[in-house]
2 protein chains.
Amino acid sequence: MPSVLKKIASLFRFYNEKDKRLAIAILQITGRRPLNLKLYKLAIRHASAAEVSGSGKNGNERLEYLGDAILGAIVAEYLFKKFPYKDEGFLTEIRSRIVNRESLNDLARKIGIGELIEFDAKRRVHYSHKSMYGDAMEAFVGAYYLDRGFYECKSFVLNRLIANHFDLEQIVQSELNHKSRLIEWAQRENKQVRFEVIAEQGSNHHKEFIIQILIDGEPAMTGNGFSKKKAEQAAAAKLLEQIRTAAAAAAQQQNNNLAENK
Amino acid sequence: MPSVLKKIASLFRFYNEKDKRLAIAILQITGRRPLNLKLYKLAIRHASAAEVSGSGKNGNERLEYLGDAILGAIVAEYLFKKFPYKDEGFLTEIRSRIVNRESLNDLARKIGIGELIEFDAKRRVHYSHKSMYGDAMEAFVGAYYLDRGFYECKSFVLNRLIANHFDLEQIVQSELNHKSRLIEWAQRENKQVRFEVIAEQGSNHHKEFIIQILIDGEPAMTGNGFSKKKAEQAAAAKLLEQIRTAAAAAAQQQNNNLAENK
């Protein structure tokens, strides 16, 4: 046995087999061994698994709340330093492209957190569209922060997550025109899309618009903004997100059906 | 001269008079001397002052973006540890009561950052309602973080800001019923207030409501939520915030008029 494996086996010798597997996975994901394994166990415990196991156990929602804030701060500083001549609007926009639910879902699957998640399998379909993966990704960052402190957590986020899994240049370049993407989607799906102003509020200097999107005449989403264009973009962005998560849930459902029919 | 003052005078001996005053103020506010004074100078430079001084200089908006994220993370962890048995909804709510614009405005004035802010005096009235103080408060936290690192910044926020200026028990107890507060306000001001559902969207399981508040029949604000009650609360909260900032701006205007008439 190579000496590094011997060392790991020795470090984890007091764990049972399941915990040993988890500890090794954490070592692989973060590059550091877990000091307090309980934190990570909580991070990968989805609410559905917590409910099944009885009222004594909680899910990862509290750690998700913490991880979300820590991740936001780390990415905020990273972009602040990376783009010294860009204004805060740009920094906020790029940050939201990095830490949005969809990209965190992808990230959790890529780095192997997806496979670790404990959840009630019966409810998988129901929960999958609710971004179980992205939630666990944030909770994992929260756990790592509590386990190893701010600077090791920052180094994990920057060196293992951002550097390996995000193409910053592409993120910056990608045009963010939600309205035209939505119109393209509607054309593909052979649906009619309409944008309507349903309300205006505030003074002349600071007027806010509420836009509603109608798909085949049915109200589908609203958005607010201090110009009609911004309100349209906001509404289209939210609706695209909803369409994407619905599509992901449908794909998951199909996978499950295939698995059952095997 | 007491030895501590001698030491301070010696530390700051290369600063000009203006910088010396700023350095002493920072020492009083944070308990630590500034290592990189430029960061703090930027933190207290409002966009209006930056515009006047010419295009070469920026305002504090970038630091505000950074400080907002750092402050959010520090308060998130503080509440996470303070309330081990509360769920993430509670933690999020209490955090927003601590770091909202209004409370940061107050905080900046209380700890003396308000007096340090550089702005274009001619535009004071115009800017005051835009929460110049709270913005500078966040930018200051961003500057302190860059100057002294995460753990000293955390200690500053927890020991100098939260512990001294927030009554957590009272914050938790304070009932958050925006709708009834708005109705009380309307009665005092002799105005009619009406809540109307202007749109519903989403599936049956996940229906979102858009509520519009009308003041004397005029559309004043909208709010979204996954129940009518939540949408009403959201709309009322936003409208109360608008009423408060407008009142603060009016009070400031009155002060300025009094000063001019002297």
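Cut-offs and rules
Residues numbered from 1 in each chain as written. Chains lettered and ligands numbered in written order. Predicted model: local features only at pLDDT ≥ 70, side-chain atom pairs only at ≥ 80, totals over all residues. Heavy atoms only, no water. Contact = heavy atoms within 4.5 Å. Buried area = accessible area lost by both parts, 1.4 Å probe. Polar contact = N/O pair within 3.5 Å; in protein donor to acceptor, adjacent residues only side chain to side chain. Helix = DSSP H or I, 4+ residues; strand = E, 2+ residues; numbered from the N terminus. Nonpolar A, V, L, I, M, F, W, Y, C, P; charged D, E, K, R; others polar. Axes fitted to C-alpha atoms, helices over the stretch in contact; angles between N-to-C directions. Parallel < 35°, antiparallel > 145°, perpendicular 65-115°, else oblique. Left-handed = near helix turned anticlockwise from the far one by under 90°. Least-squares fit on C-alpha atoms with pLDDT ≥ 70 in both. UniProt positions renumbered as here; feature names shortened; annotations may be inferred. Buried < 20%, exposed > 50% of the residue type's maximum accessible area, 1.4 Å probe, protein only. Pairing = 2+ DSSP bridges. Phe/Tyr/Trp six-rings, centres within 6.5 Å; stacked < 30°, edge-to-face > 60°.

Draft legend 1. Structural view of the interface of chain B and chain A. With 44 residues of chain B at the interface, the matching set in chain A holds 43 residues. With both sides pooled, the region where chain B packs onto chain A buries about 3300 Å², and carbon together with sulfur makes up 59% of that total. Of all residues in chain B, B:R62, B:Y65 and B:F80 bury the most surface against chain A, accounting for 26% of the area lost on that side. Here chain B is connected to chain A by 14 residue pairs in polar contact (both at pLDDT 80 or more). Looking at the side of chain B that touches chain A, the elements that each hand over two or more residues are α5 (61–82), α6 (88–98), α9 (132–148), α10 (150–165), β1 (193–201), β2 (208–215) and β3 (218–225) of chain B. In terms of residue class, the side of chain B that touches chain A is made up of 24 nonpolar, eight polar and twelve charged.

Draft legend 2. Quick peek at the packing of helix α5 (residues 61–82) of chain A against helix α6 (residues 88–99) of chain A. All names here are of chain A. Two elements in contact, α5 and α6, have axes separated by 10 Å at closest approach and are oriented at 130°. Relative to α6, α5 is oriented oblique. Handedness of the α5/α6 crossing: right-handed. Along the contact surface, α5 presents L71, G72, A73, V75, A76, L79 and F80, while α6 presents L91, I94, R95, I98 and V99. Split into classes, the residues belonging to the contact of α5 with α6 amount to ten nonpolar, one polar and one charged.

Draft legend 3. Fine view of the relation of the copies chain B and chain A. Here chain B sits on chain A after a turn of 180° about the axis and a move of 0.0 Å along it, with an RMSD of 0.1 Å. Taken together, the rotation and translation describe the operation of a two-fold axis. For chain B, the residue whose C-alpha comes nearest the rotation axis is B:A73, separated from it by 3.2 Å. A high fraction, 98%, of the interface residues of chain B reappear at the interface in chain A, so the copies pair face to face through one surface.

Draft legend 4. Main features of the UniProt feature "active site" (unreviewed entry) in chain A. Residues and elements named next belong to chain A. The sites that carry the UniProt feature "active site" (unreviewed entry) are, in the present numbering, D68 and E138. Of the residues just listed, which span 71 residues, no C-alpha pair is farther apart than 5.4 Å, and they cluster in one region. Relative to the assigned elements, D68 resides in helix α5. Taking relative accessible area as the criterion, D68 reaches 36% and is therefore assigned partly exposed. The residue E138 is located in helix α10 (residues 132–148) in this model. For E138, the residues in contact, after removing those within four places along its chain, are L63, E64, G67, D68, L71, R101 and L104.

Draft legend 5. Molecular detail of the sheet that holds β1(B). All names here are of chain B. In spatial order, the strands read β1-β2-β3; together these three strands make up an open sheet with antiparallel pairing. Every other strand in the sheet has two partners, leaving β1 and β3 as the edge strands with one partner each. Sheet twist, expressed as the average angle between the axes of neighbouring strands with direction ignored, equals 25°. When β2 meets β3, the two strands line up antiparallel, connected through seven bridges.

Draft legend 6. Here's a closer look at the packing of aromatic side chains. Overall, the coordinates contain 16 aromatic pairs over all chains when judged by the stated rule. Ring centres 3.8 Å apart and planes at 5° place the aromatic pair A:F150 and B:F150 in the stacked group. A residue pair is termed interchain when its members come from two chains, as with A:F150 in helix α11 (residues 150–165) and B:F150 in helix α10. Judged by relative accessible area, A:F150 falls into the buried class, the value being 0%.

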